[in-house]
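Summary of structural features
Chain by chain, the residues:
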Amino acid sequence: MPVLNRIAAFAEEMKGWRRHLHANPELEFDCHETAAFIVARLKEFGVDEIHTGIAKTGLVAIINGQMPGPTIGIRADMDALAIEEVTGAEYASKIPGKMHACGHDGHVTMALGAAKYLAETRNFAGRVAFVFQPAEEEGGGGNIMVQEGVMERFSISRIYGIHNAPNVPFGHFQTTPGPIMASVDTAWVKVTGKGGHGATPHECVDPVIAVVGMVQAIQTIIPRNVYALDEVVISVTQIHAGTASNIIPEVAMFCATIRSFRPEVRDLLKKRFHEIVEGHAAAYGVKADVHYDWGYPATINHPQEADFAAEVACEVAGASAVNARSVREMGSEDFAYFLEARPGAYLFLGTGPGAGLHHPAFDFNDDASPIGASFFARLVERAQPLG
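Residues numbered from 1 in each chain as written. Predicted model: local features only at pLDDT ≥ 70, side-chain atom pairs only at ≥ 80, totals over all residues. Heavy atoms only, no water.

Looking now at the overall build of the protein. Of regular secondary structure, the protein possesses 12 helices and 16 strands. Judged by the C-alpha coordinates and their principal axes, the protein covers about 80 × 45 × 40 Å. When the 387 residues of the protein are sorted by exposure, 53% land in the buried category. Sequence separation of at least 24 residues holds for 82% of the intrachain contacts in the protein that already meet a minimum separation of 6. As presented, the protein carries roughly 15700 Å² of accessible surface, and 53% of it is formed by carbon and sulfur atoms. Treating the 30 positive side-chain charges of the protein as one cloud and the 45 negative ones as another, the clouds have centres 3 Å apart. (Helix = DSSP H or I, 4+ residues; strand = E, 2+ residues; numbered from the N terminus. Buried < 20%, exposed > 50% of the residue type's maximum accessible area, 1.4 Å probe, protein only. Contact = heavy atoms within 4.5 Å. Areas by Shrake-Rupley, 256 points an atom, 1.4 Å probe, with all protein chains shown as cover. Lys, Arg positive; Asp, Glu negative; His and termini not counted. Charge placed at Lys NZ, Arg CZ, Asp CG, Glu CD.)

As summarised here, the arrangement of the 8 strands in space is β1-β2-β4-β3-β5-β16-β6-β15, forming an open sheet in which the pairing is mixed. Whereas interior strands pair on both sides, the edge strands pair on one side only; in this sheet they are β1 (49–54) and β15 (322–323). As judged from the 6 bridges shared by strand β2 (residues 58–64) and strand β4 (residues 127–133), these two strands associate in the antiparallel manner. Within the sheet, the bridge partner assigned to Ile 62 lies in β4 and is Ala 129. Helix α3 (residues 32–45) contacts β1, β2 and β4 of the sheet and is inclined by roughly 10° relative to β2. Running over the sheet, helix α12 (residues 369–383) touches β3 (71–77), β4, β5 (156–165), β6 (173–174) and β16 (344–350) and is turned about 160° from β5. (Pairing = 2+ DSSP bridges. Axes fitted to C-alpha atoms, helices over the stretch in contact; angles between N-to-C directions.)

Turning our attention to the sheet that holds strand β12 (residues 251–260). What the 4 strands build is an open sheet, ordered β10-β12-β8-β13; its pairing is antiparallel. Among the strands making up the open sheet, the edge pair consists of β10 (233–241) and β13 (287–293). Taken pair by pair, the neighbouring strands of this sheet meet at an average axis angle of 15°, ignoring direction. Direction of pairing for β10 relative to β12: antiparallel, over a ladder of 8 bridges. Looking at β12, one finds that Val 236 is bridged to Ala 256. Each of β8 (183–192), β10, β12 and β13 touches helix α7 (residues 207–218); the most contacted strand, β12, lies at about 10° to it.

Okay, the packing of aromatic side chains next. Summed over all chains, the structure comprises 11 aromatic pairs. Ring centres 6.3 Å apart and planes at 40° place the aromatic pair Tyr 292 and Trp 294 in the tilted group. For Trp 294, a relative accessible area of 37% gives the class partly exposed. Each residue in the set Phe 254, Phe 273, Tyr 292 and Trp 294 is aromatic and connected to the rest through ring pairs, giving one cluster. Directly above the ring of Phe 308 sits Arg 158, whose terminal nitrogen or CZ lies 5.8 Å from the centroid. (Phe/Tyr/Trp six-rings, centres within 6.5 Å; stacked < 30°, edge-to-face > 60°. Lys NZ or Arg CZ within 6 Å of the ring centre and 35° of its normal.)

What follows concerns unusual backbone geometry. The phi dihedral of Arg 122 is positive, around 50°, even though this residue is not glycine. When you line up the elements, Arg 122 lands in the loop between α4 (104–121) and β4. Its relative accessible area of 18% is what places Arg 122 among the buried residues. Even without a glycine there, the phi angle at His 358 is positive, about 70°. Position of His 358 among the secondary structure elements: in the loop between β16 and α12.

Written out as structure tokens, the structure is:
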């Protein structure tokens, strides 16, 4: 089964929605105009309920099927990034320093396409809840929506989401049971010593040497403390110190991103990070302050839901275009919070060659919108059939 005929019929309309969203990006929780645009479309479709003001600008739309049954959730994130766009497209961002560089404009469009189709056909039992979420990139909007009780309020029994994947073959789906995206934690370390003249280091306590020792030792955590078959990344991404060639600074700092898939491994990484920093601080005679930001958890697909989603993807794209046991991604996603609250699955949809995510030349491939919308529509019909 390819793209649903009815969805294919309004593919140009979907392109218009997506390009409007692309030209008008908003950040984090400040997605007021984006939410208003979504609400206007949903009212045109004739959905049964629209609930706004969740996690500030998030919203949930309810479409009732033809008979009683459970509620399935479809989630789309809608925030953009603080990046200056360089695509040169006629629908490029109108707002300096902001752009849809991760394809959330496309995610919203796929969900809207499915909502339009399902509001017309209603060939399913129970209800479908379309969850439009702000602040995926920064702020953990998914976590806020869960904390505000969105799953209980709308009786969502399971939930699904899609992320576009540039440079994956067009129209191909990827997913896997269990962890599919990593947790992400960020550590900021401020090291304070005693500054002075570079010609008299014996009169100083050098924080630069301490930072170098800490960074080198932190790189031993993975090969010497983590089981070799556990995928883990620790990347020191910033080091800042000093103002002149002949001055030993008073303060130096570094920052690291720390990613893993299993909670117990995540706990171990935090423990060893602190131990290494504290031990080296004592050895070098400096003071070390660690700010360890516990970020998004790993995105962990529920096996039954992941397998079911892969079956539906095969209907839409063909079995040869679906990898149901794909490799895991070291990137992170706050859809993780929805999957902690309810069973569900997350998938990637290939959009073909192009600039990568978070690149200033990125642009979502509009031809992928009908495929994603067809997947969501068939997912609902298959999950909650009438007969």
